[in-house]
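# Structural description and commentary
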Amino acid sequence: MNRKVIYAGTFDPITKGHLDIIQRAASLFDQVIVAVAKNPSKQPLFSLEERTALVSESCLHLSNVQAVGFSGLLADFALEHQAQALIRGIRGSDDLEYEIQLAQLNHKLAHEHLETIFFPPAVELRYISSTMVREIYKHHGDISHFVPLCVLNALALKSNKEN
């Protein structure tokens, strides 16, 4: 049986915290699809195509990981890709109630054929979020400890084009 899971998010940008969860999932499952969400309610730093490419580049060392852009309901995407479960990261109790609600909704929307597995982040990465990384970057702070090198390079290129 091919054990396939989906780890979904906007990944704007992908962080070392995301990578930690992806690597751990890749060691447990046959296939991990990183579903990069197009979220019309957010103003992303990177386009959907750029975010998907950055996730792919960050995961080149993981042969069983694939990045795919998507829009619409995650439950529909999971059914279409025949995934058995969703992977979700939970940094703390603030995330827990919301993530449980999402898990229950996705389970119901997928006709009770989809489970959610929660991954706590590594202790040293617990405080990292894409929102915080974007805020630090916006104020010209050093984000090199929080994101993969490809993200730093993409941000440098973006800054050069804007100047």
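Residues numbered from 1 in each chain as written. Predicted model: local features only at pLDDT ≥ 70, side-chain atom pairs only at ≥ 80, totals over all residues. Heavy atoms only, no water.

## Digging into a nonpolar patch on the surface
Taken together, the side chains of Leu 73, Leu 105 and Leu 109 make up a nonpolar region of the molecular surface, amounting to roughly 280 Å² of accessible area. Following the sequence through the fold, Leu 105 ends up in helix α4 (residues 93-109). (Patch = residues over 30% accessible without salt bridge, like charges linked within 9 Å, V, L, I, M, F, W, Y side chains within 5 Å. Areas by Shrake-Rupley, 256 points an atom, 1.4 Å probe, with all protein chains shown as cover. Salt bridge = Lys/Arg side-chain N within 4 Å of Asp/Glu carboxyl O. Helix = DSSP H or I, 4+ residues; strand = E, 2+ residues; numbered from the N terminus.)

## Details of the side chain of His 18
In this structure, His 18 sits in helix α1 (residues 16-28). Ignoring sequence-local partners within four residues, the contact set of His 18 consists of Tyr 7, Phe 11, Pro 13 and Ser 130. (Contact = heavy atoms within 4.5 Å.)

## Some remarks on the UniProt feature "binding site: substrate" (unreviewed entry) in the protein chain
UniProt marks Thr 10, Lys 42, Leu 74 and Arg 88 with the feature "binding site: substrate" (unreviewed entry), using the numbering shown here. Residues from the named set that contribute to the lining of the largest pocket are Thr 10, Lys 42, Leu 74 and Arg 88. Looking at the element boundaries, Thr 10 is found in the loop between β1 (4-9) and α1. Assessed through its relative accessible area of 18%, Thr 10 is described here as buried. Looking at the secondary structure, you find Lys 42 in the loop between β2 (31-37) and α2 (48-58). By relative accessible area, which is 45% here, Lys 42 ends up partly exposed. (UniProt positions renumbered as here; feature names shortened; annotations may be inferred. 1 Å grid on protein atoms, 1.4 Å probe; cavity = no way out; pocket = protein on both sides within 12 Å on 5 of 7 lines; lining within 4 Å. Buried < 20%, exposed > 50% of the residue type's maximum accessible area, 1.4 Å probe, protein only.)

## Some words on the sheet that holds strand β5 (residues 115-119)
Taken in spatial order, the five strands line up as β3-β2-β1-β4-β5 in an open sheet, and their pairing is parallel. Single-partner strands in this sheet number two, and they are β3 (65-70) and β5. Averaged over all adjacent pairs, the angle separating strand axes in this sheet is 30 degrees, with direction ignored. Pairing between β1 and strand β4 (residues 85-89): three bridges, direction parallel. Residue pairing for β4: Ile 6 is matched across the bridge by Leu 86. Along the sheet face, α1 touches β1, β2, β3, β4 and β5 and points at about 125 degrees away from the line of β5. (Pairing = 2+ DSSP bridges. Axes fitted to C-alpha atoms, helices over the stretch in contact; angles between N-to-C directions.)

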